[in-house]
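# Chain and residue survey
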2 protein chains.
Amino acid sequence: MRASRAVDLIRRKRDGEELTGREIDFLVEGIARGSIPDYQAAAVLMAVYLRGMTAGETLHLTLALARSGDQVPAGALLPPVMDKHSTGGVGDKTTLVVAPLLAAAGARVIKMSGRGLGHTGGTTDKLEAIPGFRTTFTPAELAALVSETGLGLAAASERLVPADGRLYAIRDVTATVDSPPLIASSIMAKKLATGAQTIVLDVKFGSGSLVGGRQEARRLAEAMLAIGAGCGRRVGAVLSDMDQPLGWAVGNALEVEEAIGCLKGAGPADLEELSLELASLALCLAGLETSAAAARDRLSALLHSGQALASFTSMVQAQGGPPGLTGSPGLYLPRAPVSASVTAPRQGWVARLDARGVGEVAALLGAGRLAHDQRVDPAVGVVLAVKVGDRVEAGDVLATVHARSAGQVAPATARLAQAFTFSDRPVTPPPLVVEVLSGE
Amino acid sequence: MRASRAVDLIRRKRDGEELTGREIDFLVEGIARGSIPDYQAAAVLMAVYLRGMTAGETLHLTLALARSGDQVPAGALLPPVMDKHSTGGVGDKTTLVVAPLLAAAGARVIKMSGRGLGHTGGTTDKLEAIPGFRTTFTPAELAALVSETGLGLAAASERLVPADGRLYAIRDVTATVDSPPLIASSIMAKKLATGAQTIVLDVKFGSGSLVGGRQEARRLAEAMLAIGAGCGRRVGAVLSDMDQPLGWAVGNALEVEEAIGCLKGAGPADLEELSLELASLALCLAGLETSAAAARDRLSALLHSGQALASFTSMVQAQGGPPGLTGSPGLYLPRAPVSASVTAPRQGWVARLDARGVGEVAALLGAGRLAHDQRVDPAVGVVLAVKVGDRVEAGDVLATVHARSAGQVAPATARLAQAFTFSDRPVTPPPLVVEVLSGE
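It should be emphasised that the depicted structure is a prediction, and the values quoted were computed from it without experimental measurement. (Residues numbered from 1 in each chain as written. Chains lettered and ligands numbered in written order. Predicted model: local features only at pLDDT ≥ 70, side-chain atom pairs only at ≥ 80, totals over all residues. Heavy atoms only, no water.)

It is worth spelling out the relation of the copies chain B and chain A at this point. Mapping chain B onto chain A calls for a screw motion: a turn of 180 degrees about the axis and a shift of 0.0 Å along it, with 0.1 Å RMSD after fitting. The two molecules are tied by a two-fold rotation axis, judged by turn and shift. Closest approach to the rotation axis among the C-alpha atoms of chain B is made by B:Tyr39, whose C-alpha sits 2.0 Å away. Residue by residue, 100% of the interface of chain B is reproduced at the interface of chain A, so both copies engage with the same surface. (Least-squares fit on C-alpha atoms with pLDDT ≥ 70 in both. Contact = heavy atoms within 4.5 Å.)

Right under this line is the structure:
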């Protein structure tokens, strides 16, 4: 009976029909509980991949996923409660800057983050490069932490949206990962479960992203905004370039140090720019500021006055990290024992700096995971010395590799060199933020 | 490695790319051996369902399926070796007439048949209504039988094309059954495995068929002809109407008796017509006759002279049935204990006689299976008294139900009555054979 009903729903989705909310609930609950077998889940996922989902279906899917596990109780935190999400990239330590910025601006920031996979990094891996830093909390424990300190960053647990975990495991082995409604519902279900009323999304496009090109990024952002609108959350999205890495550092401890520098007002410029854009969008969505310009002024002041850094410092302490970290990161963060540079083979302008290539080198060094169960090395990574548009002479340092062993150096530098392309003529750097979408 | 290769092939099929022969082999062998899990099989089947397959892919799939199990060794039988297949219908006992006709015309006829499912019947179930009749043979045993007697009808075993069995089991529960390349390859793989050089296909369309409408039937026929052309078999197809049942009888023993009558030259007209059409196509394809008219004359003579009946009689004997069956079928075939008639509620012309409805009544009585593991009752069924276009007066008998118990009668007759629609004006019966396609 249950199996035949599942076949009937697969058939309807296969034929491009719209499923009802109850039918989507039946599928999600069945897949989560295992009463619908993996092969039927796989068939319906492929049908969704190729046929798509309406906005209504995507909203229902998101709500069904969010209901499948632990949730932060409504009203557990005083408003405004905010969350920020990135679709993933290389060198993307934005959360480490935006979250304390928003907390410094008076918001409660609650965030459960993923881990890196493939060429991309994950916030949880970065935070775990801080000695003693604890990332394992239940949603309720995290809410208690946020209510105390204004800011809490935890690892997404399997108890948060478990149905999504099962769906993702099947998508991963059936070539149904990169489907806009499936990605949008997976992201937004986790945001709904943590209870944030204001959600800003950093949707990245380009070689180092997981989304594809700008059109795909826009479609994904729109799908997430529609979900937010459908369940009364204030959601905005920034479409940002991930064709080259963000900032200079790629690798967990290296990125933590760079984020701390940014919170001290020392840049890098692209990281600060994107962080201010996302945080200012959040303040406007929440109604704390009426214009983006006013929001940026306020946030810039919080960054340059050290108030955002103070938020970060108290979060590190509350989550078990060393109190002196932000003062002297070098005393606490692990550092890889071997380093080597890649130099420019010719003079010219950097025309392209392939983010995916850089991310793959970092992963190869151990900063990322090639498989889900792999451990990351917190110390290793890449520090770039130039970005797209920069002028170089032959022999100038392009990037430095931080490796665990001397044997890693030659393959890493060889591959890293391939990430750079040069031009004989000046190159204009691409814009970082190309579009801001707001659900209001 | 294997799993990641499967994901890659799913992705390519998902994106509408053409898989190579080696890639299709990898998938079919992996699915048959279980090294590719069901959920990946389900994903690729849904991708094939929605993206289709090229003629080359369909041919490779057919060959990979045919290779997966026992096959009749090439050259085991003297040519011409023939096979006939129907895509399924209600009252379709054509094989019981065509096979002995072709054997009487000098061909070796080798056929492995399926069982009924849902509203359709299966040749193996019909043959098993004959007391003592054996249908279980390996392909090699069947070939030996055919070589002795010219004709052998067996049940398709799980050792014949086992990969198809596994694929079908997944298709059945993932709404991926009715895909033309999957249906065509499944049918043709079994035909290739039995070694027939000449294959005639009866592709049925209309309410009682499993194919759909005439366009779907034509596409399926063309896909099967293309497979035949690709592997050097002579394949032809007849597109025939299955909007009303074929002949008068629907039910296993009832249909055997009707087929014996047809082999005695006593009709019914539609069964004889379709049988001659299929058999004449086979003779022309095999080069035994140069024109359809000459083939029909020869076959008609074989039917009306009793030579086709003699072939059937010797086949029954060779496969363990009673030698006297064809002389006095009523002495041997089981008969249901209860019968009741459905009468016309009004005068008029029969405008429609819904084959699916009649098939469902027969299945409800026990003549067919609602699930794979169900046993059929050989005696029960329906005998029609009128067909589309016939004139009836109120109270005329439309059909008789043959039931196992009195309790079955009321629901069966009520439902059977709904299968008839009447008109106040004369109705022209639809043509039975609408098109003949030949691969040559």
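What follows deals with the sheet that holds strand E10 (residues 391-392) of chain B. Residue and element names in this part refer to chain B. The strand order across the open sheet formed by 3 strands is E10-E8-E12, and the pairing between neighbours is antiparallel. Of all strands in the sheet, those bounded by a partner on one side alone are E10 and strand E12 (420-423). Of the strand pairs in this sheet, strand E8 (residues 348-353) and E10 are connected by 2 bridges, and their pairing is antiparallel. Within E10, the residue paired with Gly348 across the bridge is Val392. (Pairing = 2+ DSSP bridges. Helix = DSSP H or I, 4+ residues; strand = E, 2+ residues; numbered from the N terminus.)

Before going further, it helps to examine the side chain of A:Thr326. All names here are of chain A. Position of Thr326 among the secondary structure elements: in the loop between helix H14 (307-318) and helix H15 (329-332). Take Thr326: its relative accessible area is 7%, and that puts it in the buried class. Of the polar contacts made by the side chain of Thr326, one reaches the side chain of Thr313; its length is 2.8 Å. Thr326 has contacts with Ile260, Lys264, Leu309, Phe312 and Thr313, leaving out every residue within four places of it along the chain. (Buried < 20%, exposed > 50% of the residue type's maximum accessible area, 1.4 Å probe, protein only. Polar contact = N/O pair within 3.5 Å; in protein donor to acceptor, adjacent residues only side chain to side chain.)

All names here are of chain A. On domain assignment, one finds that chain A holds domain 1 (5-52), domain 2 (81-329) and domain 3 (334-423). Distance between the C-alpha centres of domain 2 and domain 3: 24 Å. Contact with domain 2, which involves 27 residues of that partner, is made by 29 residues of domain 3. For the domain 2 face of the interface with domain 3, the top three residues by lost area are Gln244, Trp248 and Leu254, together amounting to 26%. If you look at where domain 2 meets domain 3, you find 3 salt bridges. Linking Asp243 and Arg352 is a salt bridge whose minimum nitrogen-to-oxygen distance equals 3.7 Å. Going through the elements one at a time, helix H8 (162-172), strand E6 (249-250) and helix H11 (252-263) are the ones with two or more residues in the side of domain 2 that touches domain 3. When residues in the side of domain 2 that touches domain 3 are grouped by element, the largest group, 3 residues, is from H11. Taken together, the residues of the side of domain 2 that touches domain 3 break down into 12 nonpolar, 10 polar and 5 charged. (Domains from an automatic or database assignment. Buried area = accessible area lost by both parts, 1.4 Å probe. Salt bridge = Lys/Arg side-chain N within 4 Å of Asp/Glu carboxyl O. Nonpolar A, V, L, I, M, F, W, Y, C, P; charged D, E, K, R; others polar.)

Let us now look at the packing of helix H5 (residues 94-104) of chain A against helix H12 (residues 269-285) of chain A. Residue and element names in this part refer to chain A. Between H5 and H12, whose axes approach to 9 Å, the crossing angle comes to 40 degrees. Accordingly, the angle class assigned to the pair H5 and H12 is oblique. Crossing hand, H5 versus H12: right-handed. Residues Thr94, Val97, Val98, Leu101 and Leu102 of H5 form the contact with H12, whose own contacting residues are Leu271, Leu274, Ser275, Leu276, Leu278, Ala279, Ala282 and Leu283. Considered class by class, the residues forming the contact of H5 with H12 number 11 nonpolar, 2 polar and no charged. (Axes fitted to C-alpha atoms, helices over the stretch in contact; angles between N-to-C directions. Parallel < 35°, antiparallel > 145°, perpendicular 65-115°, else oblique. Left-handed = near helix turned anticlockwise from the far one by under 90°.)

On to the sheet that holds strand E2 (residues 108-113) of chain A, then. Residues and elements named next belong to chain A. Strand order across the open sheet formed by 6 strands is E3-E2-E1-E4-E5-E13, with mixed pairing between neighbours. The open sheet has two edge strands with one neighbour each: strand E3 (151-155) and strand E13 (433-438). Strand-to-strand twist across the sheet, computed as the mean angle between neighbouring axes with direction ignored, equals 15 degrees. Running over the sheet, H12 touches strand E1 (81-86), strand E4 (198-205), strand E5 (234-241) and E13 and is turned about 145 degrees from E4.

Now for the pairing of strand E3 (residues 151-155) of chain B. Residue and element names in this part refer to chain B. By the criterion of burial, E3 is predominantly enclosed, with 5 of the 5 residues buried. Of the two faces of E3, both are covered, the one formed by Leu151, Leu153 and Ala155 as well as the one formed by Gly152 and Ala154. Bridge analysis of strand E2 (residues 108-113) against E3 gives 5 bridges, and the strand direction is parallel. Opposite Val109, over in E3, you have Leu151 as the bridge partner.

So, about the packing of aromatic side chains. Per the counting criterion, the structure on display carries 2 aromatic pairs over all chains. Consider the rings of B:Phe420 and B:Phe422, whose centres lie 6.5 Å apart with planes at 10 degrees: the pair is stacked. A residue is classified by how much of its surface remains accessible, and B:Phe420, at 6% relative accessible area, is buried. One Lys or Arg, A:Arg391, reaches over the ring of A:Trp349 and ends 4.6 Å from the middle of that ring. Sitting over the ring of B:Trp248, B:Lys387 keeps its end group 5.6 Å from the ring centre. (Phe/Tyr/Trp six-rings, centres within 6.5 Å; stacked < 30°, edge-to-face > 60°. Lys NZ or Arg CZ within 6 Å of the ring centre and 35° of its normal.)

Once that is clear, we can look at the interface of chain B and chain A. Listed per partner, the contact involves 20 residues of chain B and 21 residues of chain A. It is B:Arg14, B:Tyr39 and B:Leu50 that lose the most area in chain B upon contact with chain A, and together they represent 35% of the buried surface on that side. When the shortest N-O distance is used, the salt bridge between B:Asp178 and A:Arg14 registers 3.4 Å. Remark: the boundary between chain B and chain A carries 8 residue pairs in polar contact (both at pLDDT 80 or more). When residues of the side of chain B that touches chain A are traced back to their parent elements, those giving at least two are helix H1 (2-14) and helix H3 (38-51) of chain B.

On to the environment of A:Phe312, then. Residue and element names in this part refer to chain A. Positionally, Phe312 belongs in helix H14. Along the primary structure Phe312 and Val177 are separated by 135 residues, whereas in three dimensions their C-alpha atoms are 34 Å apart. In this structure, Phe312 is in contact with Leu96, Pro100, Ile260, Leu263, Leu325 and Thr326, ignoring residues within four places of it in sequence.

The next thing to look at is helix H10 (residues 214-230) of chain B. All names here are of chain B. Taking 1.5 Å as the rise per residue, H10 with 17 residues should run 24 Å; its terminal C-alpha atoms sit 24 Å apart, in good agreement. Packing partners of the buried residues in H10 comprise helix H4 (55-66), helix H9 (180-193), strand E4 (198-205), strand E5 (234-241) and strand E13 (433-438). Gly232 lies just past H10 and shows a positive phi near 70 degrees. (Expected span 1.5 Å × (residues − 1).)

To continue, consider the packing of H4(B) against H9(B). Residue and element names in this part refer to chain B. Look at H4 against H9: their axes get within 8 Å of each other, and the N-to-C directions meet at 45 degrees. With respect to each other, H4 and H9 are oriented oblique. Of the two elements, H4 crosses H9, and the hand of that crossing is right-handed. Side by side, H4 and H9 meet where Thr58, Leu61, Thr62, Leu63, Leu65 and Ala66 of the first sit next to Pro181, Leu182, Ser185, Ser186, Met188, Ala189, Leu192 and Ala193 of the second. Considering only residue class, the contact of H4 with H9 consists of 10 nonpolar, 4 polar and no charged.

With that out of the way, let us pick up H12(A). The periodicity of an α-helix, 3.6 residues per turn, causes residues three or four positions apart to be oriented the same way. Residue and element names in this part refer to chain A. The end-to-end C-alpha distance of H12, which contains 17 residues, comes to 24 Å, matching closely the 24 Å that a straight helix rising 1.5 Å per residue would cover. Counting buried residues along H12, 14 of its 17 residues qualify, which places the element largely inside the surrounding structure. Backbone geometry just downstream of H12 places Gly287 in the positive-phi region, at approximately 80 degrees.

Among the nonpolar cores identified, the biggest contains 136 residues, and A:Leu201, A:Val203, B:Leu201 and B:Val203 are the most heavily contacted of them. Once residues within four sequence positions are removed from consideration, B:Val203 is found in contact with B:Thr87, B:Val211, B:Ala217, B:Leu220, B:Ala221, B:Met224, B:Ala237, B:Val238, B:Leu239 and B:Ser240. Membership of the second largest hydrophobic core comes to 82 residues, among which are A:Phe133, A:Leu281, A:Leu299 and A:Leu309. (Core = buried A, V, L, I, M, F, W, Y, C linked by side-chain atoms within 4.5 Å.)

Moving on, we get to the pattern of salt bridges. Scanning the entire structure with this criterion turns up 58 salt bridges over all chains. Note that B:Lys190 is salt-bridged to B:Asp164, the shortest N-O span being 3.3 Å. With B:Lys190 in helix H9 and B:Asp164 in helix H8 (residues 162-172), the pair connects residues that are 26 residues apart, well separated along the chain. Taking the relative accessible area as the measure of exposure, B:Lys190 reaches 28% and is therefore partly exposed. Overall, the relative accessible area of 6% leaves B:Asp164 in the buried class. The network of salt bridges with common partners includes A:Arg214, A:Arg218, A:Glu222 and A:Glu435.

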